[in-house]
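Each chain, written out:
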Amino acid sequence: MTTIKFLKEDREVVVADGANLRLKAIENRIDIYTFVGKMTNCSGYGQCGTCLVEVVEGMEHLSPLTDTEKVKLKKKPPTYRLACQALVNGDVTIKTKPSTK
C-alpha cells in the first residue's frame with residue numbers, strides 16, 4: 001500500500017500501488033481543479049492540462065511522463081505532473097493547484 005499526502009488539504013490517502021493520482025484524489029474528495037478547470041476538464045484523458053499538480057516529494061514513485069505530459073508540461077517546472085496521467089507506485093507528497101505563473 002502507498003500513501004498520497006495532499007499538502008494544502010492536510011490529508012493522507014492510502015492507495016494500492018499503481019493507482020491513478022487523479023482518480024484517487026476525486027474518490028477522496030480532494031479538489032485538484034481550479035475554477036476554470038472544473039468547467040473545462042477532459043475527465044482524465046490528458047488533453048486539457050487542468051489537473052496540474054506539483055510533486056513535492058516522491059517523484060521517483062510516479063510512473064514516467066507520458067508523451068501527452070511531455071507536450072503539455074513543456075514550459076512547466078520539472079516537478080509538475082498531470083494527475084490523470086500519473087500512476088502512484090510509492091509514497092508521494094502532492095501540492096494541488098500549484099501556481100502556473
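Look above for the structure.
Residues numbered from 1 in each chain as written. Predicted model: local features only at pLDDT ≥ 70, side-chain atom pairs only at ≥ 80, totals over all residues. Heavy atoms only, no water.

Enquirer: Kindly report on the pattern of salt bridges, identifying the contributing residues and their values.
Expert: On inspection of all chains with the given rule, the structure shows 5 salt bridges. A salt bridge links Asp 31 to Lys 38; the shortest N-O distance between them is 2.9 Å. What makes Asp 31 partly exposed here is its relative accessible area of 30%. With its nearest N and O atoms 2.7 Å apart, the salt bridge here joins Arg 81 to Glu 69. Separated by 12 residues along the polypeptide, Arg 81 in strand 5 (residues 80-82) and Glu 69 in helix 3 (residues 67-72) bring together distant segments of the chain. What makes Arg 81 buried here is its relative accessible area of 2%. Overall, Glu 69 belongs to the buried group, its relative accessible area being 0%. In the salt-bridge network here, residues are joined through shared partners; they are Asp 31, Lys 38 and Lys 97. (Salt bridge = Lys/Arg side-chain N within 4 Å of Asp/Glu carboxyl O. Buried < 20%, exposed > 50% of the residue type's maximum accessible area, 1.4 Å probe, protein only. Helix = DSSP H or I, 4+ residues; strand = E, 2+ residues; numbered from the N terminus.)

Fair warning: the whole summary comes from geometry, so function is off the table for now.
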